[in-house]
Amino acid sequence: MYRTLLPGIIPLLAALLLLTTCDPPPKDFTAESPAEKDRRMEWWREARFGMFIHWGLYAIPAGEWKGETHHAEWIRTTAQIPLEEYDLFRDQFNPVRFRADEWVKMAKNAGMKYMVITSKHHDGFCLFDSKHTDFDVMSTPFERDILKELSDACREEGIKMCWYHSIMDWRHPDYLPRRDWETDRPEGDADMDRFMVYLKNQLAELVGNYGEIGVLWFDGEWEGAWKHEHGRDLYNFVRNLQPSIIINNRVDKGRSGMAGLTREGGYMGDFGTPEQEIPETGLPGVDWESCMTMNDHWGYNQYDNNWKSTSDLIRKLADIASKGGNFLLNVGPKPDGSFPEESVERLNEIGAWMKINGEAIYGTSASPFRHLSWGRCTQKQTAKGTRLYLHVFELPENRLLRISGLYNDPEKAFLLLQPDNALAISRDEDALLVQLPASPLDTVNTVVVLEINGKPDVSNPPQIRAAQRIFTDTLQIRFLSERENVEIRYTLNGTLPTAASQPAGDFIVIENSSAVSARCFRNGTAVSDSVTARFVKVVPLMPSPVANTAKGIRYSYYEGDWDSLPDFTILRHTAEGTVENFSLKYKQKEDHYAFCFEGYIHIASDGVYTFYTDSDDGSMLYIDDTPVVFNDGLHGMQEAKGETALAKGMHAIRVTFFEKGGSDELKVLMKGPGLKKSPVPDNVLFHSNPENK
Ligand code: FHN
């Protein structure tokens, strides 16, 4: 049972305690300065590599239920196991081979600097001794506080102890929604405020009873009951428990689906959480961590033999670090408390590589190169300048490594494997050549170090920046380069800029459609590739000659099970009507439904307008029957945008949306001349109404 007898009294007692002990009022950490955040994030940015552990009752069935073998930590839901039946696993949990010191040593030997373990996953089972529930490890035959033993072992080995804690809780009576198949579990007097007290009480245990905690890794934030206000409150609550703690972005509602990064809009969380994927490029100024399984499941599945190779994992680690991110690599322990042999093997092999090359990962920042054909690059500031770590995945056949577009002349070059053997350096125009030894080298990832003075001088082409890609009158264009003492020259017809081309200065203004090409020069010599961006001058779409309009737009509501937006022209709607804005309030169920909104939007002045949809799941937006925003597909809250040029007056607008399951939300925003990015206001939306003569 949950200790819910005193929920109403506990906050009162806490308030009295607060008053009597005259503690300072809780601090608002949401306004933390960048310098304060940098100090707090310092160990995490240095660490770069951590171990994720998904462990709990779900390890007992090991992925199998009634002959199906695709399950894992979601098994209570994916196998639709009734609560009482699932609870029986509590009486079977007895991981006699669990040794906290062995787990921590395996993480440390693999080169990992922090460990994130599931204190509570979605099933609600707690791997720690909680006074607020008996659905915890102390109610099992094992009867030992696993998180206490792990936190002691981590402290002993200098590894940061961190908790994964699920907001979504399929067992607590106050958490909603119930699983849609749990028809025998009525909502009763479920109370989210009371669930919040439970959540906070357990977080107070997790952050108060186990020494300093490095990261609180929230998850399960995507369902409708959890709001931005809850996330903001919980972020501050936890930071007040331990101000130095780091909290991921899944405490709030700002995560953009599995891509994991935090969207604009003031959402809480100290780092983004791409899951099972790595961002395409580095993200300057953004902290993020890719979490990944070694096979296909987070929790233990005895049938899952689709293991990533050690080579693949080492290269993923280098790829992530070369983009300025952290790598959180998962282990799903067996029910007896041991790690799968395949996980142990990979951890040992990664550790062997890290023992030689860890310097090229720890405390490094993103590559100064946009692309390297043979591998990746990380970098680290030194007293004299910069160390470039060249992660060579594909060794050149002639062992002559070519680094195109590097204009620094390195002080020296060497292998991390053989730091005392200087490598010969030569130059071929803009490329630096490094002679690698003929001796056997690591064919997975050989790290070559270049010691350079000052900052890397890399021939990345300049960046071309403009408010939008289409314009109706004139358009201002800026050129940027992170390099020192270069001059940017450009052409407007897509031809390759030369030393005789126009200098860019701070910005230029174009009056016609242009293919703007730009290139860096130094003393009349080209020192970068060129880059081209196309800008199109368009005639604004003329307004629709619509008469007899009324406020609001029309909606048609549909029910069905889709993985992408359906073809509404062949569907029969379940309901229809008018609504003041793109609202889901007339939905008749929580999932498996769709809307088509149609009407007119009044545009106040000629110009280029950018429209956005931010939705879970898919959505699209059309203006005058032309698609402008593509945001279709199954995803968490994800924003997409598109632009179009419109003349003053009424324009047809159509927004389509579908929800498959989980949380559901639709936001429609716009930006234009004199209009900052903001939700489309009600007062510009209309529908034709013949009665309105
Ligand atoms: O639903 C969970 C899943 O079980 C696992 O914990 C992953 C790990 O990040 N997070 C959620 C899926 O996004």
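All of these numbers come straight from a predicted model, not from anything done at the bench.

All right, on to the overall build of the protein then. From N to C terminus, the protein includes 10 helices and 34 strands. A compact globule built from 693 residues should have a C-alpha radius of gyration of about 26 Å, and the protein, at 29 Å, falls within 12% of that. By its C-alpha atoms, the protein is 90 × 80 × 60 Å across when sized along the principal axes. Residue pairs at least 24 apart in sequence account for 70% of intrachain contacts in the protein once pairs closer than 6 positions are excluded. As presented, the protein carries roughly 30100 Å² of accessible surface, and 51% of it is formed by carbon and sulfur atoms.

Moving on to the sheet that holds strand β20 (residues 507–510). On the basis of which strands lie adjacent, the open sheet formed by 3 strands has the order β15-β17-β20 and antiparallel pairing. Lying at the two open borders of the sheet, with one neighbouring strand each, are β15 (463–465) and β20. When strand polarity is set aside, the average angle formed by the axes of neighbouring strands in this sheet is 30°. As paired strands, β15 and strand β17 (residues 475–480) are joined by 3 bridges and run antiparallel to one another. Bridge pairing in β17 links I464 to F479.

So, on to the domain arrangement of the protein. With domains assigned, the protein is organised as domain 1 (37–360), domain 2 (375–453), domain 3 (463–537) and domain 4 (549–688). Computed over C-alpha atoms only, the centres of domain 2 and domain 3 are separated by 32 Å.

Let us look at the sheet that holds strand β13 (residues 431–435). Strand order in the open sheet made by the 3 strands is β10-β13-β12, with antiparallel pairing throughout. Each of the sheet's edge strands pairs with one partner strand only, and the pair in question is β10 (400–403) and β12 (425–428). Ignoring strand direction, the axes of neighbouring strands in this sheet form an average angle of 30°.

Here Q276 is to be found in the loop between β5 (246–247) and β6 (289–292). Note: C-alpha distance between Q276 and S544 (268 residues apart in sequence) is 46 Å. Setting aside residues no more than four positions away along its own chain, Q276 makes contact with C291, M292, T293, W298 and K308. For Q276, the side chain forms a polar contact with the side chain of T293, separated by 2.9 Å.

Attention now goes to the pattern of salt bridges. This model, assessed by the stated rule, comprises 48 salt bridges. The closest approach of N and O atoms between R654 and D625, which form a salt bridge, is 2.8 Å. Residue R654 is located in strand β31 (residues 649–659), and its partner D625 is located in the loop between β28 (619–623) and β29 (626–631); the two are separated by 29 residues in the primary sequence. Taking the relative accessible area as the measure of exposure, D625 reaches 60% and is therefore exposed.

Relative to the assigned elements, L203 resides in helix α7 (residues 192–208). On the basis of relative accessibility, which here comes to 0%, the residue L203 falls in the buried class. C-alpha separation for the pair L203 and R185, spaced 18 residues apart in sequence, amounts to 26 Å. In contact with L203, other than residues within four places in its own chain, are H165, G208, L216, F218, L234, F237, V238 and L241.

Over its 17 residues, helix α10 (residues 341–357) runs 24 Å from end to end, which matches the ideal 24 Å to within 8%, given 1.5 Å per residue. Among all positions of α10, only S343, R346, L347, I350, G351, W353, M354 and N357 are buried.

Now for helix α8 (residues 228–241). Between its first and last C-alpha, α8 extends 20 Å over 14 residues, near the 20 Å set by a 1.5 Å rise per residue. Turning to α8, its buried residues number three or more, namely H230, G231, L234, Y235, N236, V238 and R239.

Locating S367 in the fold gives a position in the loop between α10 and β8 (375–381). A polar side-chain atom of S367 sits 2.9 Å from the main-chain amide nitrogen of F369. Once residues lying within four places of it in the same chain are set aside, the contact partners of S367 are S322, C377 and Q379.

Here the focus is the site of the ligand. Taken together, 15 residues lie around the ligand, and H54, E73, H122, D219 and E275 are the ones closest in. H121 is positioned such that a nitrogen or oxygen atom in its side chain is 2.9 Å from an oxygen atom of the ligand. At 3.4 Å, a side-chain N or O of R250 approaches an oxygen atom of the ligand. For the ligand, whose accessible area on its own is 330 Å², the fraction buried by protein is 93%. Looking at the shell around the ligand residue by residue, the class counts come to 8 nonpolar, 3 polar and 4 charged.

Among the 10 residues of strand β27 (residues 607–616), 10 are classified as buried, and the element is accordingly described as predominantly covered. Sheet analysis places β27 next to strand β30 (residues 638–646), joined by 9 bridges and oriented antiparallel. The residue of β30 that forms the bridge with S615 is Q638. Both β27 and strand β32 (residues 665–672) contribute to a ladder of 7 bridges, which runs antiparallel. Paired with Y612 across the bridge in β32 is L669.

The omega torsion of the bond from L176 to P177 falls at 10°, within 30 degrees of zero and hence cis. Turning to its location among the elements, P177 is positioned in the loop between β3 (160–166) and α7. The amide bond that connects D616 to the next residue, D617, takes the cis arrangement and shows omega of 10°. Tracing the chain through its elements places D617 in the loop between β27 and β28. Not every positive phi belongs to a glycine, and Q276 is a case in point at roughly 60°. On the accessibility criterion, Q276 (34% relative accessible area) is partly exposed.

How two helices sit against one another is set out by the angle between their axes and by the gap between those axes. Contact pair helix α9 (residues 310–322) / α10: the axes reach a minimum separation of 10 Å and the direction vectors enclose 50°. Put simply, α9 runs oblique to α10. In this structure, α9 crosses over α10, and the sense of that crossing is right-handed. Judged by residue contacts, T310, L313, I314 and L317 of α9 engage R346, E349, I350, W353 and M354 from α10.

What follows covers the state of the cysteines. Applying the stated criterion across every chain, the model contains 0 disulfides. Looking at the unpaired C162, the closest cysteine sulfur is the one in C154, lying at 8.0 Å. By relative accessible area, which is 0% here, C162 ends up buried. Left unpaired, C377 is separated from the closest cysteine sulfur, that of C520, by 18 Å.

Before going further, it helps to spend a moment on the pairing of strand β33 (residues 675–679). Each regular strand shows side chains that alternate between the opposite faces of the sheet. The pairing of β32 with β33 spans 3 bridges and is antiparallel. Bridge pairing in β33 places L669 opposite P679. Following β32, the chain reverses through 2 residues before pairing antiparallel with β33; G674 in that reversal takes a positive phi of roughly 70°.

What follows is about the packing of aromatic side chains. Two descriptors summarise a pair of aromatic rings, namely the distance from one centre to the other and the angle between the planes of the rings. If you walk through the whole model with that rule in mind, you get 31 aromatic pairs. Relative to F89, the ring of Y86 lies with its centre 5.4 Å away and its plane at 85°, an arrangement referred to as edge-to-face. Y86 sits in the buried class, given a relative accessible area of 1%. According to the relative accessible area criterion, F89 is buried, its value standing at 7%.

Cut-offs and rules
Residues numbered from 1 in each chain as written. Predicted model: local features only at pLDDT ≥ 70, side-chain atom pairs only at ≥ 80, totals over all residues. Heavy atoms only, no water. Helix = DSSP H or I, 4+ residues; strand = E, 2+ residues; numbered from the N terminus. Rg over C-alpha atoms; globule rule 2.2 N^0.38 Å. Contact = heavy atoms within 4.5 Å. Areas by Shrake-Rupley, 256 points an atom, 1.4 Å probe, with all protein chains shown as cover. Pairing = 2+ DSSP bridges. Axes fitted to C-alpha atoms, helices over the stretch in contact; angles between N-to-C directions. Domains from an automatic or database assignment. Polar contact = N/O pair within 3.5 Å; in protein donor to acceptor, adjacent residues only side chain to side chain. Salt bridge = Lys/Arg side-chain N within 4 Å of Asp/Glu carboxyl O. Buried < 20%, exposed > 50% of the residue type's maximum accessible area, 1.4 Å probe, protein only. Expected span 1.5 Å × (residues − 1). Near = heavy atom within 4 Å. Nonpolar A, V, L, I, M, F, W, Y, C, P; charged D, E, K, R; others polar. Parallel < 35°, antiparallel > 145°, perpendicular 65-115°, else oblique. Left-handed = near helix turned anticlockwise from the far one by under 90°. Disulfide = S-S within 2.5 Å. Phe/Tyr/Trp six-rings, centres within 6.5 Å; stacked < 30°, edge-to-face > 60°.

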